[in-house]
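Residue strings, one per chain:
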Amino acid sequence: MDQSLQLKAAQRKLIGHGALLVFFGGAIGFGFLFFLLGEIRLWPIPGSIDYQMPGTLKAWRMAHLEGVINGFAMWILALLLPVLPFSMGALRRIAFGFITVGWTFTIASLIDALYPNSRGLAFGGPLSNNIAFFMFYVGVLIVMSIMAIIAYKTLFATNKD
């Protein structure tokens, strides 16, 4: 496959996963809405279910925004891929890394909203906290590595272009 087609394939993967994350963030927004209402109610469907969603305002807001923001970040990266000074293999790894980060951050944030004491800030406590912790840990390592490499390669490395 020629380089132009490979680049377009990486861009499409970022756009597709970005759209799924924005959609997932929107779906999480219903959980946020139900948390705020203190019941499950959708207009124009009659009736409601008296149920208080678990979690905190901060956790639900973050879970909702993680999907939306990470999805939009993938769309921005899809636009930037052609101007980054990397080989096609490196661009594919950057795209895969961003996809991994988007999903790990979003799912870990949802775990925080759904399960008590599961912010994932430190190892220990309930299993749900440890799952969130490792998901955030993996995501942070990947995104920090990618950002450092992009900064170095675009600002300091000698490029042929």
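Since the structure is predicted, the reported quantities are computational estimates derived from the model, not experimental observations.

Rules used in this analysis
- Residues numbered from 1 in each chain as written.
- Predicted model: local features only at pLDDT ≥ 70, side-chain atom pairs only at ≥ 80, totals over all residues.
- Heavy atoms only, no water.
- 1 Å grid on protein atoms, 1.4 Å probe; cavity = no way out; pocket = protein on both sides within 12 Å on 5 of 7 lines; lining within 4 Å.
- Points joined across faces, edges and corners; volume = space filled by probe spheres on them.
- Helix = DSSP H or I, 4+ residues; strand = E, 2+ residues; numbered from the N terminus.
- Nonpolar A, V, L, I, M, F, W, Y, C, P; charged D, E, K, R; others polar.
- Axes fitted to C-alpha atoms, helices over the stretch in contact; angles between N-to-C directions.
- Parallel < 35°, antiparallel > 145°, perpendicular 65-115°, else oblique.
- Left-handed = near helix turned anticlockwise from the far one by under 90°.
- Expected span 1.5 Å × (residues − 1).
- Polar contact = N/O pair within 3.5 Å; in protein donor to acceptor, adjacent residues only side chain to side chain.
- Buried < 20%, exposed > 50% of the residue type's maximum accessible area, 1.4 Å probe, protein only.
- Contact = heavy atoms within 4.5 Å.

### Details of the layout of surface pockets
Over the atoms, a rolled probe matching the size of one water molecule traces out where space is still vacant. The computed volume of the largest pocket comes to approximately 260 Å³. Taken together, the elements giving at least two residues each to the lining of the largest pocket come down to α2 (57-80) and α3 (88-114). It is α2 that provides the largest number of residues to the lining of the largest pocket, a total of four residues. Of the residues contributing to the lining of the largest pocket, the split by class is eight nonpolar, five polar and four charged.

### A word on the packing of helix α1 (residues 3-37) against α2
In a pair of packed helices, the angle between the axes and the distance between the axes together describe the arrangement. Put simply, α1 and α2 touch, their axes get as near as 7 Å, and they point 165° apart. Compared by their axis directions, α1 and α2 come out roughly antiparallel. Once α1 is placed against α2, the crossing between them reads as left-handed. Residue composition of the contact of α1 with α2, grouped by class: 18 nonpolar, eleven polar and one charged.

### Focus: α1
In this model α1 runs 51 Å from its N-terminal to its C-terminal C-alpha over 35 residues, within 8% of the 51 Å that 1.5 Å per residue would give. At the N-terminal end of α1, a side-chain oxygen is found 3.0 Å from the backbone nitrogen of Ser4, two or three residues along, and the residue is Asp2. Where α1 ends, the next residue or the one after it, Gly38, has phi of about 80°, a positive value.

### A few points about the side chain of Glu39
Its location among the elements puts Glu39 in the loop between α1 and α2. Residue classification places Glu39 among the buried residues on the basis of a relative accessible area of 18%. Here the side chain of Glu39 touches Arg41 through a polar contact of 2.7 Å, side chain to side chain. The contacts of Glu39, once residues within four sequence positions are left out, are Phe34, Ser48, Ile49, Asp50 and Tyr51.

Keep in mind these numbers describe shape, not what the thing actually does.
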